[in-house]
Amino acid sequence: MNARTTRVLQCSAVLVAAGLVLTACGSSDSGSSSKESKSPSFSGRGPITYAAAKDSSGVVQKVIDSWNEQHPKEKVTFVELPADVNQQRQQMIQNAETKSDAYTVLSLDVVWTSEFAAHQWIDQLPAAQFPLDKMLKPTVETGQYRDNLYAVPASSDGGVLYYRSDLLKKAGVAAAPTTWAEMKAACAKVKKLPEAKDMDCYAGQFQKYEGLTVNFAEAVNSAGGVITDANGKPDVDTPEAKNGLDFLVDSFKDGTIPKEAITYQEEEGRQAFQSGKLIFLRNWPYVYSLAEKSKVKGKFAVAPLPGLDGAGSSSLGGHNVALSSFAKNKATALDFMKYFTSQDTATTFLKDASMAPPYEALYDDQALVKQYPYLPVLKKSILNAVPRPRVVQYGDASSAIQQEAYAALNGDKSSAQALKDLQNELQKSAGQ
């Protein structure tokens with residue numbers, strides 16, 4: 001089995017049974033169904049809040065300020081949550097469990113939709129009122145639960161490889177690597193350059209948090225493995241999955257990945273790359289605009305993630321907006337969600353923060369491609385991405401992955417033992 005044959009994961013490879021509920025794939029009408037009539041009424045106008053991660057770019061507040069200027073009686077207050085994705089989720093859950101109306105519109109990681117919808121923490125949305133047909137299909141599917149729409153794509157995300165194009169060219173490396181072996185070979189050539197002798201080869205996100213789940217999943221999928229099989233059953237204790245985890249483990253051992261990267265989240269990796277410490281970096285599109293303002297401006301490029309035998313597979317990322325079931329002024333909230341997820345707003349986020357837009361037309365706009373040459377790479381990454389398990393108890397599955405992958409990277413367990421233990425944990429969670 002190779003990475004191509006596992007694309008079925010995009011619809012069906014999720015953990016099921018005993019509380020882990022299969023998320024249905026998108027229907028042809030982008031989420032509308034006979035159940036659409038059960039959507040709640042959206043009434044009440046007045047001030048609302050938008051709860052999301054702390055925004056380092058400043059663009060979110062800019063977009064909200066524009067709304068507030070046009071709607072002085074329906075102003076939006078930006079509630080900034082912690083940067084750590086696990087803490088964001090926990091605060092949103094605590095708010096929902098107390099049925100608080102403190103949060104109105106929620107910025108949800110794409111893997112949270114099933115959990116929040118199944119617990120009735122967010123409202124079903126009227127799919128026909130959003131331009132879903134203009135969005136990339138994988139992004140729309142992340143907002144669906146049992147064929148209905150519960151969250152609308154505000155931004156997508158696909159993992160990409162940032163690399164020092166100036167140094168590769170100087171070292172005689174003609175093109176970006178497409179395999180892990182090619183990447184390591186390129187590093188060896190670059191490090192022979194006097195200005196690069198103290199640089200590290202590669203880093204991603206390896207601290208024990210959601211980023212490790214992403215990087216582990218990408219390594220496994222890029223080696224032809226899966227976390228669950230086509231029927232939704234855990235199937236991670238395989239030679240293919242071991243090849244993927246071994247790449248990460250061996251890279252820490254041989255110095256391809258610096259030991260300090262075990263503490264890296266997205267920002268630590270970005271800062272290391274921008275400061276000239278890394279030749280290659282796996283990260284999200286937001287890094288591009290920030291790197292263009294750093295000392296590596298004009299010295300880097302973007303390529304698809306490499307894999308074992310060819311191009312690798314990204315995990316599907318991004319954020320959707322959802323409406324808290326316990327919120328007030330839902331009519332205002334629905335209008336704000338339409339504004340916040342519009343193509344015009346997506347263009348603003350792309351231009352000012354390098355956030356991946358959900359709208360397909362923006363990836364094909366030649367003026368934008370000229371300004372943001374990574375767009376074709378990013379579109380391919382999103383369309384070929386493999387979703388993380390979209391499950392009701394996603395936190396439990398992700399925690400198990402983090403626990404075992406981190407143990408392997410630290411040398412506390414062999415790759416084989418970590419995968420065996422992970423298989424057992426996932427089976428217990430699924431009641432299998």
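These numbers come from a predicted model, not from an experiment.

Conventions used here
- Residues numbered from 1 in each chain as written.
- Predicted model: local features only at pLDDT ≥ 70, side-chain atom pairs only at ≥ 80, totals over all residues.
- Heavy atoms only, no water.
- 1 Å grid on protein atoms, 1.4 Å probe; cavity = no way out; pocket = protein on both sides within 12 Å on 5 of 7 lines; lining within 4 Å.
- Points joined across faces, edges and corners; volume = space filled by probe spheres on them.
- Helix = DSSP H or I, 4+ residues; strand = E, 2+ residues; numbered from the N terminus.
- Axes fitted to C-alpha atoms, helices over the stretch in contact; angles between N-to-C directions.
- Parallel < 35°, antiparallel > 145°, perpendicular 65-115°, else oblique.
- Contact = heavy atoms within 4.5 Å.
- Nonpolar A, V, L, I, M, F, W, Y, C, P; charged D, E, K, R; others polar.
- Core = buried A, V, L, I, M, F, W, Y, C linked by side-chain atoms within 4.5 Å.
- Buried < 20%, exposed > 50% of the residue type's maximum accessible area, 1.4 Å probe, protein only.
- Expected span 1.5 Å × (residues − 1).

## Quick notes on empty space enclosed by the protein
- Tallying each qualifying case throughout the model produces five cavities of 30 Å³ or more.
- Its boundaries defined by the atoms lining it, the largest cavity holds a volume of some 110 Å³.
- Looking at the largest cavity, the residues that line it are Trp180, Tyr202, Asn215, Glu218, Ala219, Ser222, Phe247, Leu248, Arg282, Leu305, Pro306 and Ser313.
- At the level of elements, α7 (210-222) and α8 (239-254) are the ones that each hand at least two residues to the lining of the largest cavity.
- For the lining of the largest cavity, the element with the highest residue contribution is α7, accounting for four residues.

## Re the packing of α7 against helix α16 (residues 394-409)
- With their axes 8 Å apart at the nearest point, α7 and α16 run at an angle of 75° to one another. Accordingly, the angle class assigned to the pair α7 and α16 is roughly perpendicular. Residues Glu210, Leu212, Thr213 and Phe216 of α7 touch α16, and the partners they reach there are Tyr394, Ser398, Ile401, Gln402, Ala405, Tyr406 and Leu409.
- Of the residues belonging to the contact of α7 with α16, the class tally is seven nonpolar, three polar and one charged.

## Considerations on the layout of surface pockets
- Of the voids in this model, the largest pocket is the one considered here, and its volume is about 1000 Å³.
- Contributing to the lining of the largest pocket are 41 residues, with Ala53, Lys54, Ala83, Tyr286 and His319 lying nearest its centre.
- Here the lining of the largest pocket gets four residues from one element, more than from any other, and that element is strand β6 (residues 152-158).

## Some thoughts on the nonpolar core
- Tyr50, Phe206, Phe216, Phe280 and Phe336 are the most contacted members of the largest nonpolar core, which has 114 residues in total.
- Sequence-distant contacts of tyrosine 50, that is, excluding residues within four places in its chain, are made with Val60, Ile64, Val76, Thr77, Phe78, Val79, Val105, Ser107, Val321, Phe336 and Phe340.
- Core analysis: the next-biggest nonpolar cluster, separate from the first, contains 22 residues, Met92, Ala96, Val111 and Tyr209 among them.

## A look at α7
- Taking 1.5 Å per residue, 13 residues should reach 18 Å; α7 reaches 18 Å between its end C-alpha atoms and fits that length.
- Burial analysis of α7 places 13 of its 13 residues in the buried class, which makes it a mostly covered element.
- Looking at the residues trailing α7, positive phi occurs at glycine 224, about 90°.

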